[in-house]
Amino acid sequence: MEIIKGGVTAAKGFEAAAAAAEIKYQGRTDMALIYSEKPCKTAGTFTTNVVKAAPVKWDRAVVESKVKSQAVVVNSGIANACTGEEGMRYCRETAQEAARVLGIDEKGVLIGSTGVIGMQLPMDRIKAGIVKLAAARNSDLNSGTEAAKAIMTTDTRKKEAAVCFQIGGKKVTIGGMAKGSGMIHPNMCTMLSFITTDAKISKKALQTALSSDVEDTYNMISVDGDTSTNDTVLVLANGMAGNEKIKLGTPEFEVFKEALHYINETLAKKMAGDGEGATALFEAKIIGARTKEQAKVLAKSIVCSNLTKAAIAGHDANWGRILCAMGYSGAEFDPEKVDLYFESTAGKLKIIENGTAVDYSEEKATEILSQPEVTAIADIKEGSEEAAAWGCDLTHGYIDINADYRS
């Protein structure tokens, strides 16, 4: 597997575009298009929030049908959530307009929305934006990057990833883009992620690969503990790489899964590190666990702890908060066997051994915790399983952003 530049246009046959439709924002792009030359098999995972946005309901119906897709239309600024029948009608109108200008089947048009809940979409601007997107679409890498920028809301930077690998002597590529900064507590996924691939793969294999991987990637990040109404991950596969079809239970499926995992984990970490008001990506790693599930529960509990996140913001090696978060996680372990380390580009430092503090340098700990990426490693000494979760520090900036988000 080779890590390459690009995002949703890295794979063969995919085009993208961005447009300024002035849906909510002024002076920036706020609509994006992903288009495939050939119809795609699709897979998706969606929010578990009972309150589901209209695009989530629309996309889930498309993915569960046998209809192939050629386009995804995304807007930022307004989420089209809690909008009733009108919101669903707007999804239909969006699909119809995209189908008209692109010359494709409206039944397969996928839709994404992100932004303020409860507001209705200005459909005149949406439709005008779709016309602009269709005219601007291009297969170059910059078009993919501009699409990634257009779907940002409170994000401070675009999020892209791409890899290529070999299947039966054929070069296969996977690329993706995502947005997510606040309302991040996946169960499944509080964000939007769109992944494209030129792999030829069965729909069952594509859905299986995605569904299994979100548990170790998007579902292992948290910013603020809020599960969104609009969470969507979509994968489109157009088969243009020309490889033999990838099927479940084959070595080729495992190769594909590994590449997809890299894309998902990379995008997930980019979202966690770009949490609203955040200054650092915070990783919690549990090693020496009896089971994978035990390790995941403990790791997720640490990154979800507001007290721990505040300590990371203050570059304070307040290890008691980490041990406490592990203790209320619901996972059984012996706290008197735990070793804890902090690690970053500034070095690695043991903080506690067998549940009690060692004689460490507070100055060195502060230096380690002052870096833009920080890891807490807890060895619970019960087995050989491990897991990681990702979050960010909690700063005053989070309140500043969310106190007046609607305005």
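What counts and what doesn't
Residues numbered from 1 in each chain as written. Predicted model: local features only at pLDDT ≥ 70, side-chain atom pairs only at ≥ 80, totals over all residues. Heavy atoms only, no water. 1 Å grid on protein atoms, 1.4 Å probe; cavity = no way out; pocket = protein on both sides within 12 Å on 5 of 7 lines; lining within 4 Å. Points joined across faces, edges and corners; volume = space filled by probe spheres on them. Helix = DSSP H or I, 4+ residues; strand = E, 2+ residues; numbered from the N terminus. Nonpolar A, V, L, I, M, F, W, Y, C, P; charged D, E, K, R; others polar. Buried < 20%, exposed > 50% of the residue type's maximum accessible area, 1.4 Å probe, protein only. Arc of directions from axis to C-beta. Contact = heavy atoms within 4.5 Å. Phe/Tyr/Trp six-rings, centres within 6.5 Å; stacked < 30°, edge-to-face > 60°. Lys NZ or Arg CZ within 6 Å of the ring centre and 35° of its normal. Core = buried A, V, L, I, M, F, W, Y, C linked by side-chain atoms within 4.5 Å. Pairing = 2+ DSSP bridges. Expected span 1.5 Å × (residues − 1). pLDDT = per-residue confidence, 0-100.

1. Observations regarding empty space enclosed by the protein
Going through the model one piece at a time under the given rule, you end up with two cavities of 30 Å³ or more. Along its surface, the largest cavity is lined by 13 residues, and N75, T94, I111, S113 and L121 are the ones closest to its centre. Broken down by secondary-structure element, the contributors of at least two residues to the lining of the largest cavity are β4 (69-78), α2 (84-102) and β5 (110-116). In the lining of the largest cavity, the residues fall into eight nonpolar, five polar and no charged.

2. Considering unusual backbone geometry
Positive phi, normally seen in glycine, also occurs at H315, with a value near 55°. By secondary structure assignment, the location of H315 is in the loop between α8 (306-313) and α9 (319-327). Since its relative accessible area comes to 26%, H315 is described here as partly exposed. Look at K381: it is not a glycine, yet its phi comes out positive at around 55°. In this structure, K381 sits in the loop between β14 (373-379) and β15 (385-392). Since its relative accessible area comes to 32%, K381 is described here as partly exposed.

3. Here's the deal with α8
Restricting attention to buried positions, one finds in α8 the residues T308, K309, A311 and I312. Mapping the buried residues of α8 onto a view down its axis gives an arc of 155°, with all of them on the same face. The inward-facing, buried residues of α8 contact β10 (281-289), α7 (292-304), α9, α10 (362-369) and β15. Just beyond α8, the residue with positive phi is H315, at close to 55°.

4. Quick notes on the packing of aromatic side chains
All chains considered together, the criterion is met by one aromatic pair. Ring centres of F165 and F256 lie 6.5 Å apart, and the angle between their planes is 70°; this geometry places the pair in the edge-to-face category. Note that F165 is positioned in strand β6 (residues 159-167) and F256 in helix α6 (residues 251-273), a separation of 91 residues in sequence. Residue F165 is classed as buried on the basis of its relative accessible area of 6%. For F256, a relative accessible area of 0% puts it in the buried group. Between R137 and the ring centre of Y35, over which it is positioned, the NZ or CZ distance is 4.4 Å.

5. Some details on the nonpolar core
Among the nonpolar cores identified, the biggest contains 70 residues, and I174, Y218, F256, I286 and M326 are the most heavily contacted of them. It is α6 that provides the largest number of residues to this core, a total of nine residues. Apart from residues no more than four positions distant in its own chain, F256 is found in contact with F165, I174, T197, A199, I201, L206, A209 and I246. Residues V8, A16, F46 and V62 belong to the second largest nonpolar core, which totals 54 residues.

6. Things to note about the pairing of strand β12 (residues 347-353)
For a regular strand, side chains alternate in direction, first toward one face of the sheet and then toward the other. Where strand β11 (residues 339-344) and β12 come together, five bridges link them in antiparallel fashion. In the sheet register, E343 faces β12, and the bridge partner there is K348. Once β11 ends, the chain turns through two residues before running back antiparallel as β12. Pairing analysis gives two bridges linking β12 to strand β13 (residues 356-357), with the strands arranged antiparallel.

7. Overview of α6
The end-to-end C-alpha distance of α6, which contains 23 residues, comes to 33 Å, matching closely the 33 Å that a straight helix rising 1.5 Å per residue would cover. Along α6, the positions that sit buried rather than exposed are F253, F256, A259, L260, I263, N264, T266, L267, A268, M271, A272 and G273. On its buried side, α6 packs onto β6, β7 (170-179), β8 (192-197), α5 (203-213), β10 and β15.

8. Notes on the environment of D231
Considering the arrangement of structural elements, one finds D231 in the loop between α5 and β9 (232-237). Here D231 falls in the buried class, since its relative accessible area comes to 0%. The sequence separation of D231 and G355 amounts to 124 residues, and the corresponding C-alpha distance is 38 Å.

9. Some points on the confidence of the model for the chain
Per-residue confidence for the chain gives a mean pLDDT of 91, with 95% of residues at or over 70. Of all the helices and strands in the chain, helix α11 (residues 396-403) carries the lowest mean pLDDT, 75, while strand β2 (residues 14-19) carries the highest, 98.

10. Brief notes about the sheet that holds β13
Sheet strands pair via backbone hydrogen bonds, and the direction of the pair is either parallel or antiparallel. Taken together, the six strands give an open sheet; going across it, the order is β13-β12-β11-β14-β10-β15, and neighbouring strands pair in mixed fashion. Looking at the sheet topology across the chains shown, the edges are occupied by β13 and β15.

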